[in-house]
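# Observations on chain architecture
Here's the letter readout for the chains.
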Amino acid sequence: MSEQLSNSPRDEDKDVEAGTSSFTDSEDSPFDIASTKNAPVERLRRWRQAALVLNASRRFRYTLDLKREEDKKRMLRKMRAHAQAIRAAHLFKAAASRVNGITSPPPTPGGGDFGIGREQIVSISRDQNIGSLQELGGVKGLSDLLKTNLEKGIHGDDDDISKRKSAFGSNTYPQKKGRSFWRFVWEASQDLTLIILIVAAAASLALGIKTEGIKKGWYDGISIAFAVLLVIVVTATSDYRQSLQFQNLNEEKRNIRIEVTRDGRRVEISIYDIVVPADGVLVAGHSLAVDESSMTGESKIVHKNPAKNPFLMSGCKVADGHGTMLVTGVGVNTEWGLLMASVSEDNGGETPLQVRLNGVATFIGIVGLTVAGVVLFVLVVRYFTGHTKNEAGAPQFVGGKTKFDHVLDDLVKIITVAVTIVVVAVPEGLPLAVTLTLAYSMRKMMADKALVRRLSACETMGSATTICSDKTGTLTLNEMTVVECYAGFQKMDPPDSSSKLPPAFTSILVEGIAHNTTGSVFRSESGEIQVSGSPTERAVLNWAIKLGMNFDALRSESSAIQFFPFNSEQKRGGVAVKSPDSSVRVHWKGAAEIVLGSCTHFMDENESLVDMSGDKMTELKNAINDMAARSLRCVAIAFRTFEADKIPTDEEQLSRWVLPEDDLVLLAIVGIKVRMVTGDNIQTARAIALECGILASDSDASEPNLIEGKVFRSYSEEERDRISEEISVMGRSSPNDKLLLVQSLKRKGHVVAVTGDGTNDAPALHEADIGLSMGIQGTEVAKEKSDIIILDDNFESVVKVVRWGRSVYANIQKFIQFQLTVNVAALVINVVAAISAGDVPLTAVQLLWVNLIMDTLGALALATEPPTDHLMDRPPVGRREPLITNIMWRNLFIQAMYQVTVLLILNFRGISILHLKSNPNPERVKNTVIFNAFVICQIFNEFNARKPDEINIFKGVLRNHLFVGIIGITIVLQVVIVEFLGTFASTIKLDWEMWLISIGIGSISWPLAVIGKCIPVPETPVSQYFRINRWRRNSSG
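Residues numbered from 1 in each chain as written. Predicted model: local features only at pLDDT ≥ 70, side-chain atom pairs only at ≥ 80, totals over all residues. Heavy atoms only, no water.

## Observations concerning the overall build of the protein chain
Quick reminder of the rule: Under the DSSP-based scheme used, a helix requires at least four consecutive residues in state H or I and a strand at least two consecutive residues in state E, with every element numbered from the N terminus. Using a 1.4 Å probe on the protein chains alone, a residue whose accessible area is under 20% of its type maximum counts as buried, one over 50% counts as exposed, and one in between counts as partly exposed. What makes two residues a contact is simply this: any of their non-hydrogen atoms within 4.5 Å. Residue-level accessible areas treat just the shown protein chains as cover; the underlying method is Shrake-Rupley with a 1.4 Å probe.
Secondary structure assignment for the protein chain yields 39 helices and 25 strands. By the burial criterion, 53% of the 1037 residues in the protein chain qualify as buried. In the protein chain, the proportion of contacts linking residues at least 24 apart, taken out of those at least 6 apart, comes to 74%. Surface accessibility of the protein chain: about 45200 Å² in total, with carbon and sulfur atoms responsible for 56%.

## Quick word on the nonpolar core
Note the cut-off: Working definition of a nonpolar core: buried Ala, Val, Leu, Ile, Met, Phe, Trp, Tyr and Cys residues. They are joined through side-chain atoms within 4.5 Å.
With 128 residues, the main nonpolar core has Met461, Ile770, Ile788, Ile816 and Phe934 as its most contacted residues. Setting aside residues no more than four positions away along its own chain, isoleucine 788 makes contact with Met445, Ala450, Leu451, Val452, Arg453, Ala457, Met461, Ile770, Gly771, Leu772, Ser773 and Val801.

## Points about helix α19 (residues 535-546)
Rules: For a helix, the expected span equals 1.5 Å multiplied by the number of residues minus one.
With 12 residues, α19 should cover 16 Å at 1.5 Å per step; its first-to-last C-alpha distance of 17 Å lies within 8% of that length. Summarising burial for α19: 9 of the 12 residues are buried, a large majority. Positive phi shows up at glycine 548, right after α19, with a value of about 105 degrees.

## Points about the packing of helix α37 (residues 992-1003) against helix α38 (residues 1005-1013)
Stated precisely, the cut-off is as follows: Note on geometry: axes are lines fitted to C-alpha atoms, helical ones only across the stretch in contact, with angles between N-to-C directions running from 0 to 180 degrees. An angle below 35 degrees is read as roughly parallel, one above 145 as roughly antiparallel, one from 65 to 115 as roughly perpendicular, and any other as oblique. Gly counts as polar in this scheme, as do all residues outside two lists: the nonpolar Ala, Val, Leu, Ile, Met, Phe, Trp, Tyr, Cys and Pro, and the charged Asp, Glu, Lys and Arg.
Running from amino to carboxyl end, α37 crosses α38 at an angle of 10 degrees, the nearest separation of the two axes being 5 Å. The angle between the axes of α37 and α38 places the two elements in the roughly parallel class. Counting all contacts with α37, which are made through Ile1001, Gly1002 and Ser1003, the residues of α38 involved are Ser1005, Trp1006 and Pro1007. Classifying every residue of the contact of α37 with α38 gives 3 nonpolar, 3 polar and no charged.

## Here we look at the UniProt feature "transmembrane region" (unreviewed entry) in the protein chain
To keep things clear, this is the line we draw: UniProt positions are given in the numbering used here, feature names are shortened, and annotations may be inferred rather than shown by experiment.
When the UniProt feature table is mapped onto this chain numbering, "transmembrane region" (unreviewed entry) sits at residues 192-209, 221-240, 360-384, 414-440, 820-838, 844-864, 962-982 and 994-1012. Between the end C-alpha atoms of residues 221-240 the distance is 28 Å, and the span holds 100% helix and 0% strand. Helix makes up 90% of residues 844-864 and strand 0%, with an end-to-end C-alpha separation of 29 Å.

## Some remarks on unusual backbone geometry
Residues aspartate 493 and proline 494 are joined by a peptide bond in cis, for which omega reads 0 degrees. Here proline 494 lies in the loop between β11 (490-492) and α18 (503-515). With a phi angle near 60 degrees, serine 986 is a residue other than glycine that sits in the positive phi range. Of the residues examined, serine 986 reaches a relative accessible area of 29% and is grouped as partly exposed.

## Some points on the pairing of strand β17 (residues 599-603)
Rule in force here: The pairing criterion for strands is at least two bridges between them, as found by DSSP.
As judged from the 3 bridges shared by β17 and strand β18 (residues 609-611), these two strands associate in the antiparallel manner. Pairing of methionine 603 across the sheet is with leucine 609, part of β18. Hairpin connection from β17 to β18: 5 residues lie between these consecutive antiparallel strands, with glutamate 607 at a positive phi of about 70 degrees.

## A few points about the packing of aromatic side chains
To keep things clear, this is the line we draw: Working definition: rings of Phe, Tyr and Trp (its six-membered ring) pair if their centres are within 6.5 Å, and the pair is stacked with planes under 30 degrees apart, edge-to-face with planes over 60 apart, and tilted otherwise.
This model, assessed by the stated rule, comprises 13 aromatic pairs. With centroids separated by 4.7 Å and ring planes inclined at 65 degrees, the aromatic side chains of phenylalanine 940 and tryptophan 1006 adopt a geometry described as edge-to-face. Remark: tryptophan 1006 occurs in helix α38 and phenylalanine 940 occurs in helix α34 (residues 922-946); sequence separation between them is 66 residues. Overall, the relative accessible area of 14% leaves phenylalanine 940 in the buried class. Of the residues examined, tryptophan 1006 reaches a relative accessible area of 25% and is grouped as partly exposed.

## Brief notes about the pairing of strand β10 (residues 480-487)
Looking along a regular strand, one sees side chains alternate from face to face of the sheet. With 6 of 8 residues buried, β10 is to be regarded as a mostly interior element. As paired elements, β10 and β11 share 3 bridges and run antiparallel to each other. Its bridge partner lying in β11, alanine 487 is registered against glutamine 490. Counted between consecutive antiparallel strands, the loop separating β10 from β11 contains 2 residues, among which glycine 488 sits at a positive phi close to 60 degrees.

## Let's talk about the environment of glycine 533
On the secondary structure map, glycine 533 appears in the loop between β13 (529-532) and α19. Separated by 16 residues in the primary sequence, glycine 533 and threonine 517 place their C-alpha atoms 8.4 Å from one another. The residues contacting glycine 533, other than those within four sequence positions of it, are Gly519 and Arg538.

## Examining the pattern of salt bridges
Rule in force here: By salt bridge we mean one thing: a side-chain nitrogen of Lys or Arg within 4 Å of a carboxyl oxygen of Asp or Glu.
Tallying each qualifying case throughout the model produces 15 salt bridges. Close ionic contact of glutamate 484 with lysine 491 constitutes a salt bridge, the shortest N to O distance being 3.5 Å. Residues arginine 630 and aspartate 626 are paired through a salt bridge, measuring 2.8 Å at the closest nitrogen-oxygen approach. Looking at arginine 630, the relative accessible area reads 38%, which means it is partly exposed. By relative accessible area, which is 39% here, aspartate 626 ends up partly exposed. Three or more residues are tied together by salt bridges with common partners; here these are Glu484, Lys491, Asp626 and Arg630.

## Concerning the packing of α18 against α19
How we decide: Crossings are classed by handedness, with left-handed meaning an anticlockwise turn of the near helix from the far one by less than a right angle and right-handed meaning a clockwise turn.
Across the interface, α18 lies against α19 with an axial gap of 10 Å and an inter-helix angle of 145 degrees. Relative to α19, α18 is oriented so that their crossing is left-handed. Side by side, α18 and α19 meet where Leu509, Val510 and Ile513 of the first sit next to Val540, Leu541, Trp543 and Ala544 of the second. Considered class by class, the residues forming the contact of α18 with α19 number 7 nonpolar, no polar and no charged.

## Notes on the confidence of the model for the protein chain
How we decide: The predictor rates its confidence in each residue with pLDDT, a number between 0 and 100.
Per-residue confidence for the protein chain gives a mean pLDDT of 76, with 75% of residues at or over 70. Mean pLDDT values for the elements of the protein chain range from 40 in strand β1 (residues 2-6) up to 94 in α37. This model gives residues 342-347 a pLDDT under 50, and the stretch forms 18 contacts once residues within four places in sequence are excluded.

## Comments concerning the side chain of glutamine 895
Of note, glutamine 895 is situated in helix α33 (residues 886-913). Classification of glutamine 895 by relative accessible area gives buried; the value is 3%. When near neighbours in sequence (up to four residues on either side) are disregarded, glutamine 895 contacts Thr821, Asn941, Asn944, Ser1005, Leu1008 and Ala1009.

Below you can see the structure in the form of structure tokens.
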């Protein structure tokens, strides 16, 4: 069963702030990448080349390293070729030895505590040398040399593990050390504009000392250098903290939990605690098929058996079946470990939002460069034409009279201002704000039981319009118990009442349960019975134990000769068991209606075989439907006898022998209490969907809302596309049905998230925009193909992931609104002042401080806002929705125009308005008030940016300690700069009246924001108007 929780992206009501979804292809922009999942390398390279970048090492730090990716693929190809050449050589040598009758010398025993050394065992495993393995006595001989019991495993005490780690190494590989803080300082200093400012500071220092002397001449140069240094240190500190977060998250991703046998007991341990590695040889297994494409490059599935092909390589995935492996190599002693040691792990690649923000930063940067060029041109022209005045009101440049040193010093100051405008205008930190908020979100999502494997999945979840949810363990608790049973065609009450079953009946029943399972039963020293396996297996095994099953005794008395593992396609699993008297029984267990369909007899309470008449079959089907309607999972157990002489004796033929699945004898049908959503049966699916609220009422429980997988897959592609958006519940769905549904929904324009836990779910997880695997029940193949692992298998955690995904997008929009307001205001003020007065009110040092507030500190404050319930009231954010919505444009325009208007009035009429004519430094006080008011406006506007569409901007502010802390730090530093660093920042101490005026100017932005939010905005995005006008012009042309 697959539950699809969805609203169509085409006909839902739109949230005005979120913008309007558009699923049509936009213009062919290099920054328009709908999904970076499986994106072509050329497409990724194209946007990098198109971006306007001032500091490439910092901007592209958290994007996919395309060169390293190529190196990794090249190295993998070499290793594959090397491995295949060695295997071919061994095969050739073995064939030659057989022809010539040459026998190999006996292997030399290893030194130390074990009978075989590390080099010898690694050589056998890596070269897959079956001859050398046989010379050691096969898997049994190798296990004896390793002092490992093939049934009970190693002892696993501290002393034993210590000896094994010393002899065979630990299951880790050398990793490159994380970058040091000083590396981040170096990278932050690579910004082109900062380098130019450092050069300008050095020139200003030299010229200042030469023209004004050592006492005063060093002020300007040192001030700029100090401001640049402050920007570099703060930027590096922020980046370094971010890097440490990613390192911790990567450690969590690598720490995979697996099940091993130690001292006869199945225990779950970390892969780092495996002491005889992850390469190995197969001890025993059934229908074991392995996908070795990651190491060999060949996509075909390789079937393994202990006699002819027992070697298993780390880094490969089990595609089908199950088995027990004797580990022979760990860490760098495996081929995968060698590869990982050679190629350091990348940080996951860019995200679509990151790419789009690079496009926004490039556009803003081009505007900023143009503005800076205009300012530079105007200031230089005004200077050389004598229109630029000094403090005394005289022209700064007089042809033939002004000294060259003074001219050079003035030009350096003009260039410094122009370059600083570029620093403010080019939002270098904008794309990195995504990484900051993603790192924060990933850390918080870990606490919410969601491990993010691929960075972009975080933000893509915010766009998810459909969640195709698996049942098992996702929507409810992951526990199962047998609560109802039909055995011998009678209902047992209680279901574990063994006295109601005859001994021979019980004997056959528990034999099938003990062998036909992937779980196990272990009795601890204290006598406590512990059961492992999937929830269904645990439920059936616990029920059988209550019936008197002795798990170990049954498995040792009789032997399994062939196994058909349970899979999602067949919905059943079987095993052929040879008893001590050489009789053979084939046991089947699986979905009740499917197993029942193969039954021709049933065993009654007298141990007699009775024909399954039509009436009896109908009666049992009704019982199954009744249990399913009460949300019980129905499992049937059946068997048949088989002639021993018809079983293939040759091992090759036996491995290909298909278990007979007809003419079965029904033993029991059990109803398992589903404290989880499970949809073996359409009735179970319906009952649970009604209980969960996926279906509103019984009237909704019909096609196409409720549909069976086989019906859906029988439709043509066009018919599937037509009904896919209407499906709420799919019962009896196979993994392929899930894949077909995902593909259909994606064609309809949905952003699809899929949950899955089995190996067969891998194609759907890979195809989906976001694959969510289950951390408890999920196989490693499913986890490998997924983007996010839900650690507690709980659907509530999936919902939390959606909240965080939407929060990422919302936080970035808040930061964009805040940053663009500062950009627009600073640029307009400086341009207008430069053109009209020939001077700028904001100096280079002041602009660098504004840049620090706007860029690094602003990102920290706004990009780490926790998600709110308000986010879940909005529709999902579409792939093509504009980053800057109409509400953001409105807020931005109102705040920027207010700041520009007030500060320009102060710039031209400030001396008279502020009554500064009697002040000894009127110009300097006026410029200080402009600077102070501008910064305080940004502090007040930072609160506005928190809630772009809500009146109450203070809601939840005290819960965001980082935001409050950064606001506090900004205020303290502003006071220090104005009151105590006047020489460096070109400010002067202000009296309390000037401070009140500055605060008053800033505080008006709050009521202004409230008034602005009452102004309605059109639903059609502003960008859409430009696109329509451009289309009209192109059409008329």
